[in-house]
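# Tertiary structure, described
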Amino acid sequence: MIENLPPCPKCSCEYTYEMNALVVCPECGHEWVPAESGVEGGEAAGERIVKDSVGNVLRDGDTVVVVKALKVKGSPSGIKAGTKVRNIRLVDGVAGHDIDCRIDGFGAMQLKSSVVKKA
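The numbers attached to residues start from 1 for each chain and follow its sequence in the written order. Only residues with pLDDT of 70 or above have their local features reported here, since the model is predicted, and side-chain atom pairs are shown and tallied only from 80 upward, although totals for entire chains, interfaces and linings are computed over all residues. Values shown for side chains rest on all heavy atoms present in the structure; no hydrogens or waters enter the calculation.

### So, the overall build of the protein chain
Stated formally: Secondary structure is summarised from DSSP: a helix means a run of H or I of at least four residues, a strand means a run of E of at least two, and numbering begins at the N terminus for each. Think of it in three bands: residues with accessible area under 20% of the maximum for their type are buried, residues over 50% are exposed, and the middle band is partly exposed, with areas taken using a 1.4 Å probe on protein chains only. Reported accessibility uses the Shrake-Rupley method at a 1.4 Å probe radius. Residues are deemed covered only where the shown protein chains occlude them.
The helix and strand tally for the protein chain stands at 0 helices and 11 strands. Secondary structure elements of the protein chain, listed N to C terminal, follow the sequence β-β-β-β-β-β-β-β-β-β-β. Here the protein chain, with 119 residues, has 26% of them falling under the buried criterion. For the protein chain, the exposed area adds up to about 8200 Å²; of that, 48% sits on carbon and sulfur atoms.

### Remarks on unusual backbone geometry
A positive phi angle, near 65°, is found at Ser12, a position not held by glycine. Along the chain, Ser12 turns up in the segment before strand 1 (17–19). On the accessibility criterion, Ser12 (56% relative accessible area) is exposed. At Asn87, a position not held by glycine, the phi torsion is positive, near 55°. Structurally, Asn87 can be placed in the loop between strand 7 (84–85) and strand 8 (89–90).

### A look at the confidence of the model for the protein chain
Reading predicted coordinates in detail is not appropriate for stretches of low pLDDT. As a reminder of what qualifies: In predicted models, pLDDT denotes the confidence assigned by the predictor to each residue on a 0 to 100 scale. Contacts are assigned to residue pairs with any non-hydrogen atoms lying within 4.5 Å of each other.
On average, residues of the protein chain score 84 in pLDDT, and 87% of them reach the 70 mark or higher. Confidence, read as mean pLDDT per element, is least for strand 3 (residues 31–32) in the protein chain (84) and greatest for strand 6 (residues 64–66) (96). The model gives residues 37–45 a pLDDT under 50, and that stretch makes 2 contacts with residues more than four places away or in other chains.

### Overview of the side chain of Asp98
Along the polypeptide, Asp98 turns up in the loop between strand 8 and strand 9 (99–103). Given a relative accessible area of 11%, Asp98 falls into the buried group.

### As for the nonpolar core
Here is the rule: Side-chain atoms within 4.5 Å link the members of a nonpolar core, which is a set of buried Ala, Val, Leu, Ile, Met, Phe, Trp, Tyr and Cys residues.
Among the nonpolar cores identified, the biggest contains 15 residues, and Val85, Cys101 and Leu111 are the most heavily contacted of them. Counting residues per element, the ones that place at least two in this core are strand 6, strand 9 and strand 10 (107–111). The greatest single-element share of this core, amounting to 3 residues, is contributed by strand 9. Other than its neighbours up to four places away in sequence, Leu111 contacts Leu70, Val85, His97, Asp98, Ile99, Cys101, Ile103 and Val116. Counting residues in each nonpolar core, the second largest holds 5 residues, with Cys8, Cys13, Val23 and Cys25 among its members.

### Thoughts on the sheet that holds strand 1
To keep things clear, this is the line we draw: Note: two strands are recorded as paired if DSSP finds a minimum of 2 bridges between them.
Pairing within the open sheet is antiparallel, and its 3 strands lie in the order 1-2-3. A single partner strand is all that each edge strand has here, and the edge strands are strand 1 and strand 3.

### Quick word on the layout of surface pockets
Here is the rule we go by: Points on a 1 Å grid over protein atoms alone make up a cavity when a 1.4 Å probe fits among them but cannot get out, and a pocket when they form an open set with protein on both sides within 12 Å along at least five of seven lines; lining residues each have an atom within 4 Å of a point. Grid points are joined across faces, edges and corners, and a volume is the space filled by probe spheres set on the points. Charged residues are taken to be Asp, Glu, Lys and Arg, nonpolar residues to be Ala, Val, Leu, Ile, Met, Phe, Trp, Tyr, Cys and Pro, and polar residues to be all remaining types, Gly included.
Of the volumes computed, that of the second largest pocket is approximately 220 Å³. If you trace the second largest pocket, you find 10 residues lining it, with Glu47, Arg48, Leu58, Arg59 and Leu90 closest to the centre. In terms of residue class, the lining of the second largest pocket is built from 5 nonpolar, no polar and 5 charged.

### A look at the pairing of strand 9
The buried fraction of strand 9 is high, at 4 of 5 residues. Summarising the sheet, strand 8 and strand 9 pair through 2 bridges and their orientation is antiparallel. Bridge assignment links Arg89 to a residue of strand 9, and that residue is Asp100. Examined bridge by bridge, strand 9 and strand 10 share 5 bridges and lie antiparallel to one another.

Encoded structure:
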């Protein structure tokens, strides 16, 4: 347990609290992993962490598998569960779509991390 919790990086609220491995701000609802002395992989403090449907941390260039069938506008079939998507890119997308990728047969599109799992 961390004794001196850092203030919220978004709204600077000092009343943050610890929940499991995250620090949470009660005012704006922002959640983040507190900065450790030995940061893994050279990530900057405050960097956004994207997790898949089962809780694995996703990174740029990962390969993921779609876990449920998805409807695609303009396509009669859609994306089937089990479709492998290679070389994803994490972005700040619209409406929760935080993965930018290219799917064979469909082209470039954005997916939500809640509908994929790391392969």
